[in-house]
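Chain and residue survey
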Number of protein chains: 2
Amino acid sequence: MAGTDRSKAHRQQIDESAPVFILHRPQLGENIGMAARAMLNCGLGALRLVAPRDGWPSARAQGAASGADIVVEGAAVFAALDDAIADLNRVYATTARRREMVKPVFTPRAAAADMRRAIARGERVGVLFGPERFGLTNDEVSLAHGVIEVPLNPAFASLNLAQAALIVGYEWRMAGDATPGRQLVGGDGPDPIALPAPRAKLLQLFGFLEAELDKAGYLHPPEKKPHMVRNIRAILQRADMTEPEIRTLWGVVKSLVGLKGKNKPKLKDFPAAED
Amino acid sequence: MAGTDRSKAHRQQIDESAPVFILHRPQLGENIGMAARAMLNCGLGALRLVAPRDGWPSARAQGAASGADIVVEGAAVFAALDDAIADLNRVYATTARRREMVKPVFTPRAAAADMRRAIARGERVGVLFGPERFGLTNDEVSLAHGVIEVPLNPAFASLNLAQAALIVGYEWRMAGDATPGRQLVGGDGPDPIALPAPRAKLLQLFGFLEAELDKAGYLHPPEKKPHMVRNIRAILQRADMTEPEIRTLWGVVKSLVGLKGKNKPKLKDFPAAED
């Protein structure tokens, strides 16, 4: 895609009411760029920078954004944090440290739900991220309505800037996402969502396969046959096949009918890891 | 912390039954290191590498791991993907592309729940990540039980390796995490969880403040006093104060009683962003 077409496509996917991300005194352009990329991944477009250490604009930020130009180029720069949050109705501060003051502490998931409710009421919401090495000071956190803390491994909880931005952005996006948790997807048709075949097709496959197995003498002795048939049907049921897949298996059975008597490969044990 | 103490602390926080992360033909050591860091953030320790392009061990991986040495040093290297998944009972493939074959496609959240159920049954679970530039081929995806797809901005959905590892690891961790979504945390006491003060303390503050406001002539005219009092009480109720905070505000009121008649600062409009 050409640059302007790409920017247009990106702009269309940005939710204008979404939270603003404010990077306070960010140090490395690369981290600003990677945070911008994570934001656009999540449909966020509004980036504010307070006193970026290495100046602005930044070629390193542009490079690390991996195509999220629209976020990097649209970034607003402020000299002071107070100014960067002045128009916002609600601000969350991200931090991994406990503070001496009493604040509501949100998981990213609960914060996302809180932000969605606030935005639905017409609020303008921001999320504040501290400098890479030091994080936010207590004074800076005191400007925020609440704190977002990711409940990670307590022995190794420090996230880099872009990873923190990704998790907050990801949870914000998920809080508005309706993708089913699990769905059958794929196949050759125009619709990516795959439906299990009508049962009549599966019953035909059962009939064909069981008749061939009878001829081949596999369903023997007769008193065990019903149990063997049910086991095979259970396997095929669990595969949840689409109609084209049933046709594929039909062809497989047809083809195998000509293969009797050949050497059969056997199951092997696990190979070990290289040392 | 010294290196060995740190390793010990990290080892204690790793869940041995957690999913194995398999990086297939990873290209840059930095990305392996950042993925290892994201894993340890989420309490995951088992990393497998299939044919890392730039060889192994990797100083760049070590550097980028930012202290997640235990994951990098414990990585198992395999020549072929088949061998790297041989002992696993269930494998998920991460990919952002639609495939021609029909597969169950999970969101990271649903996959995490699915993995937790499988692990609880005694299964050994792995998550497969493709090379940075190309992702997994259809043949590689065909080795997996299901696909994990992050439902991101469709116009900008590509995550880097470490970010993909972070989201899958994060969801796995959250699926076993009981942190309350929102809690009042902080203050000077030994318990980080802050409780709102007993109501008797708040009622004393109300009484003191309202008496001082009466003396100062603020609660005037008398017929408006009940409404004014209720408004002030509503503000203080919403602050959900702890007992030390009520003492702080008591001191504030006491102090302000001596401040009448001074110049009062006024609310200003918003400053604009720098251009």
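Structural data are supplied above this passage.
Here's what I pulled together on the structure shown here.

Definitions and cut-offs
- Residues numbered from 1 in each chain as written.
- Chains lettered and ligands numbered in written order.
- Predicted model: local features only at pLDDT ≥ 70, side-chain atom pairs only at ≥ 80, totals over all residues.
- Heavy atoms only, no water.
- Contact = heavy atoms within 4.5 Å.
- Buried area = accessible area lost by both parts, 1.4 Å probe.
- Salt bridge = Lys/Arg side-chain N within 4 Å of Asp/Glu carboxyl O.
- Polar contact = N/O pair within 3.5 Å; in protein donor to acceptor, adjacent residues only side chain to side chain.
- Helix = DSSP H or I, 4+ residues; strand = E, 2+ residues; numbered from the N terminus.
- Nonpolar A, V, L, I, M, F, W, Y, C, P; charged D, E, K, R; others polar.
- Pairing = 2+ DSSP bridges.
- Least-squares fit on C-alpha atoms with pLDDT ≥ 70 in both.
- Buried < 20%, exposed > 50% of the residue type's maximum accessible area, 1.4 Å probe, protein only.
- Phe/Tyr/Trp six-rings, centres within 6.5 Å; stacked < 30°, edge-to-face > 60°.
- Lys NZ or Arg CZ within 6 Å of the ring centre and 35° of its normal.
- 1 Å grid on protein atoms, 1.4 Å probe; cavity = no way out; pocket = protein on both sides within 12 Å on 5 of 7 lines; lining within 4 Å.
- Points joined across faces, edges and corners; volume = space filled by probe spheres on them.
- Axes fitted to C-alpha atoms, helices over the stretch in contact; angles between N-to-C directions.
- Core = buried A, V, L, I, M, F, W, Y, C linked by side-chain atoms within 4.5 Å.
- Right-handed = clockwise from strand over helix to strand, strands pointing away.
- Parallel < 35°, antiparallel > 145°, perpendicular 65-115°, else oblique.

Looking now at the interface of chain A and chain B. Contacts between the two partners involve 71 residues from chain A, matched on the other side by 71 residues from chain B. The contact between chain A and chain B buries some 5800 Å² in all, and 59% of this surface belongs to carbon and sulfur atoms. Here chain A is connected to chain B by two salt bridges. Applying the counting criterion to the chain A and chain B interface returns 23 residue pairs in polar contact (both at pLDDT 80 or more). Where the side of chain A that touches chain B is concerned, the elements lending two or more residues are helix H1 (3-12), helix H2 (29-41), strand E3 (76-78), strand E5 (103-106), helix H6 (108-120), helix H8 (161-174) and strand E8 (182-185) of chain A. Counting residues per element, the side of chain A that touches chain B draws most heavily on H8 of chain A, at seven residues. The class makeup of the residues in the side of chain A that touches chain B is 39 nonpolar, 17 polar and 15 charged. One ladder, built from four bridges, connects E5 of chain A with strand E8 (residues 182-185) of chain B; its direction is antiparallel. Across the sheet, residue Phe106 of chain A finds its bridge partner in E8 of chain B, namely Arg182 of chain B.

Note on the copies: chain A fits chain B at an RMSD of 0.0 Å, the axial shift is 0.0 Å, and the rotation between them is 180°. Between the two chains, the operation in question is that of a two-fold axis. Both copies share a contact surface, since 100% of the interface residues of chain A are interface residues in chain B too.

Positionally, Leu47 of chain A belongs in strand E2 (residues 47-50). Sequence separation of Leu47 of chain A and Arg230 of chain A is 183 residues, and the distance between their C-alpha atoms is 60 Å.

Right, let's get into the pattern of salt bridges. Evaluation of the coordinates by the stated rule reveals 26 salt bridges over all chains. Here Glu212 of chain A and Lys215 of chain A are joined by a salt bridge, their closest N and O atoms 2.9 Å apart. Pair noted here: Glu212 of chain A and Lys215 of chain A are both in helix H9 (residues 199-215), with a separation of three residues, about one helical turn. Note on Glu212 of chain A: relative accessible area 16%, which makes it buried. The class of Lys215 of chain A is exposed, set by a relative accessible area of 65%. The network of salt bridges with common partners includes Arg109 and Glu171 of chain A together with Arg109 and Glu171 of chain B.

Residue and element names in this part refer to chain A. Relative to the helices and strands, Ala113 resides in helix H6. On the basis of relative accessible area, Ala113 is assigned to the partly exposed category, the value being 30%. Separated by 58 residues in the primary sequence, Ala113 and Glu171 place their C-alpha atoms 8.6 Å from one another.

So, on to the packing of aromatic side chains. Under the defined criterion, the tally for this structure stands at seven aromatic pairs over all chains. Seen from their ring centres, Tyr170 of chain A and Tyr170 of chain B are 6.4 Å apart, and the 85° between their planes marks the pair as edge-to-face. Within this pair, whereas Tyr170 of chain A is found in helix H8, its partner Tyr170 of chain B is found in helix H8 (residues 161-174), the two belonging to separate chains. Take Tyr170 of chain A and Tyr170 of chain B: they sit in the same class, and that class is buried. The cationic tip of Arg116 of chain A hangs over the ring face of Trp172 of chain A; the distance from NZ or CZ to the ring centre is 3.8 Å.

Next up on the list: the layout of surface pockets. Considering only enclosed or pocket space, the largest pocket measures out at about 1100 Å³ in volume. If you go around the largest pocket, you meet 42 residues; those closest to its centre are Glu132, Ser158, Leu159, Asn160 and Leu161 of chain A. Only H2, E5 and H8 of chain A together with helix H2 (29-41) of chain B provide two or more residues apiece to the lining of the largest pocket. Grouping the amino acids of the lining of the largest pocket by side-chain chemistry returns 21 nonpolar, twelve polar and nine charged.

Taken in spatial order, the eight strands line up as E8(A)-E5(B)-E7(B)-E4(B)-E6(B)-E1(B)-E2(B)-E3(B) in an open sheet, and their pairing is mixed. A strand with exactly one partner marks an edge of an open sheet, and here the two such strands are E8 of chain A together with strand E3 (76-78) of chain B. Sheet twist, expressed as the average angle between the axes of neighbouring strands with direction ignored, equals 30°. Sitting on the sheet, H2 of chain B is in contact with strand E1 (20-24) and strand E2 (47-50) of chain B, with an inclination near 160° to E2 of chain B. Packing against the sheet, helix H6 (residues 108-120) of chain B makes contact with E8 of chain A together with strand E4 (90-94), strand E5 (103-106), strand E6 (125-129) and strand E7 (146-148) of chain B, and its axis sits at approximately 165° to E4 of chain B.

Once that is clear, we can look at the nonpolar core. Core analysis: the largest hydrophobic core is formed by 92 residues, its most contacted members being Leu47, Met115 and Phe129 of chain A together with Leu47, Met115 and Phe129 of chain B. Sequence-distant contacts of Met115 of chain A, defined by excluding residues within four places in its chain, comprise Pro19, Tyr92, Val125, Val127, Ile148, Val168 and Trp172 of chain A.

On to the pairing of E2 of chain B, then. Residues and elements named next belong to chain B. Alternating residues of E2 divide into Leu47 and Leu49 and Arg48 and Val50, and every residue in both groups is buried. Bridge analysis of E1 against E2 gives four bridges, and the strand direction is parallel. Pairing of Ile22 across the sheet is with Arg48, part of E2. Of the crossover connections in this fold, the one passing from E1 over H2 to the parallel E2 is right-handed. Pairing of E2 with E3 involves three bridges; the strand directions are parallel. Bridge assignment links Arg48 to a residue of E3, and that residue is Ala76.

This next bit is on the side chain of Glu210 of chain A. Residues and elements named next belong to chain A. If you trace the backbone, Glu210 turns up in helix H9. Since its relative accessible area comes to 13%, Glu210 is described here as buried. Leaving out residues up to four positions away in the same chain, Glu210 has contacts with Leu219, Val229 and Arg233.

To continue, consider the packing of H9 of chain A against helix H11 (residues 243-256) of chain A. Each packed pair of helices is defined by two parameters, the angle between the axes and the distance between the axes. All names here are of chain A. Packing of H9 against H11 brings their axes to within 10 Å, and their N-to-C directions diverge by 10°. Compared by their axis directions, H9 and H11 come out roughly parallel. On the side of H9, the interface is formed by Lys201, Leu202, Gln204, Leu205, Phe208, Leu209 and Glu212, while H11 contributes Glu243, Ile246, Leu249, Trp250, Val253 and Lys254. Residues belonging to the contact of H9 with H11 are distributed by class as follows: eight nonpolar, one polar and four charged.

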